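# Tertiary structure, described
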Amino acid sequence: MNSPKLFVLSSVAGGGKSTLIQKLRERHPEILFSISCTTRAPRPGDKEGVTYFFLTKEEFEKGIAESAFLEWALVHDQYYGTPLKFIEEAFANGSSVIMDIDVQGAKIIQEKLPGKIVTIFILPPSEEEWERRLRGRGTDSEESIAKRMKNGKLELERQNEFDYKIVNDDLEKALGELESIILSNSK
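Residues numbered from 1 in each chain as written. Predicted model: local features only at pLDDT ≥ 70, side-chain atom pairs only at ≥ 80, totals over all residues. Heavy atoms only, no water.

- Per an unreviewed UniProt entry, the chain is named Guanylate kinase, and its organism is Leptospira yasudae.
- Under the heading Function (unreviewed entry), UniProt records this for the chain: "Essential for recycling GMP and indirectly, cGMP."
- The record in UniProt for the chain states the following under Sequence similarities (unreviewed entry): "Belongs to the guanylate kinase family." (UniProt positions renumbered as here; feature names shortened; annotations may be inferred.)

Dropping the structure here:
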């Protein structure tokens, strides 16, 4: 990879971003993963510094005040943000970075890093499958699922703001499309 880029994957909750990123990084470990900070509680299986950096609301707000985030947003009543220092160091070392971020954050980064960002929206194959995936996690309350579905419908309306769209109906096919996009934009 010659020119470092920031590859931004956005989707609705349950769209399959995390799985696609994991599989892509197994094939291309040279692409770094940007670990976000959040104030949400860890879910079963989450690991500090691997899944997220878990911060208190006060720690996160201190980071906002100190401009420590490339972007940040309040999503589903929790803060999420991208540590600026990590992105700066990766680019300085010539490394591309892939990240999983909501549509709000993607828009902010597009404005801050023109020419260095490639945006990709991952679509669930259908609303029914999307809801099945959310329920299949077994980690969200009915209220949380309803909120994620409502917010997700608004996010789906913004899919045309992205450089690329991939329908995640078949994991291997979607992974192949993602890999092709990344390789063609890394020259």
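## A closer look at the packing of helix 1 (residues 17–27) against helix 7 (residues 171–184)
- Relative orientation of the contacting elements helix 1 and helix 7 amounts to 60°, with a least axis distance of 10 Å. Comparing their axes, helix 7 and helix 1 come out oblique. The interaxial crossing formed by helix 1 with helix 7 has right-handed handedness. When helix 1 is examined against helix 7, the residues T19, L20, K23, L24 and R27 are found in contact with a partner set consisting of L171, E172, A174, L175, L178, E179 and I182.
- In the contact of helix 1 with helix 7, the residues fall into 7 nonpolar, 1 polar and 4 charged. (Axes fitted to C-alpha atoms, helices over the stretch in contact; angles between N-to-C directions. Helix = DSSP H or I, 4+ residues; strand = E, 2+ residues; numbered from the N terminus. Parallel < 35°, antiparallel > 145°, perpendicular 65-115°, else oblique. Left-handed = near helix turned anticlockwise from the far one by under 90°. Contact = heavy atoms within 4.5 Å. Nonpolar A, V, L, I, M, F, W, Y, C, P; charged D, E, K, R; others polar.)

## Things to note about the pattern of salt bridges
- Evaluated as defined, the whole model comprises 9 salt bridges.
- K17 is the salt-bridge partner of D100, the closest N and O atoms lying 3.7 Å from each other. In this pair, D100 sits in strand 7 (residues 97–100) while K17 sits in helix 1, placing the two residues 83 residues apart along the sequence.
- Residue classification places K17 among the buried residues on the basis of a relative accessible area of 12%.
- A salt bridge links K173 to E177, with the shortest nitrogen-to-oxygen separation between them at 3.8 Å. Note that K173 and E177 are positioned in helix 7 at a spacing of 4 residues, about one turn of the helix.
- A residue is classified by how much of its surface remains accessible, and K173, at 47% relative accessible area, is partly exposed.
- One salt-bridge network, in which partners are shared between bridges, spans R27, E172 and E179. (Salt bridge = Lys/Arg side-chain N within 4 Å of Asp/Glu carboxyl O. Buried < 20%, exposed > 50% of the residue type's maximum accessible area, 1.4 Å probe, protein only.)

## Quick word on the sheet that holds strand 1 (residues 6–11)
- Reading across the sheet, the 5 strands line up as 2-7-1-8-9 and stay open at both edges, with parallel pairing between neighbours. Bordering the open sheet on either side are strand 2 (32–33) and strand 9 (164–167), each of which pairs with just one other strand.
- Pairing of strand 1 with strand 7 involves 4 bridges; the strand directions are parallel. Looking at the pairing, L9 lines up with D100 of strand 7.
- Helix-sheet contacts for helix 7 involve strand 1, strand 7, strand 8 (117–123) and strand 9, and the interaxial angle to strand 9 is about 160°. (Pairing = 2+ DSSP bridges.)

## Here we look at the sheet that holds strand 4 (residues 53–54)
- Read from one edge of the open sheet, 4 strands run 4-3-6-5, paired in mixed fashion. The open sheet terminates on both sides in strands that have one partner only, identified here as strand 4 and strand 5 (69–75).
- Pairing between strand 3 (residues 37–38) and strand 6 (residues 78–83): 2 bridges, direction antiparallel. Each residue of the ladder has a partner; that of T38, found in strand 6, is Y80.
- In the packing of helix 2 (residues 57–65) onto the sheet, the strands contacted are strand 3, strand 4, strand 5 and strand 6, and the crossing angle to strand 6 comes to about 45°.

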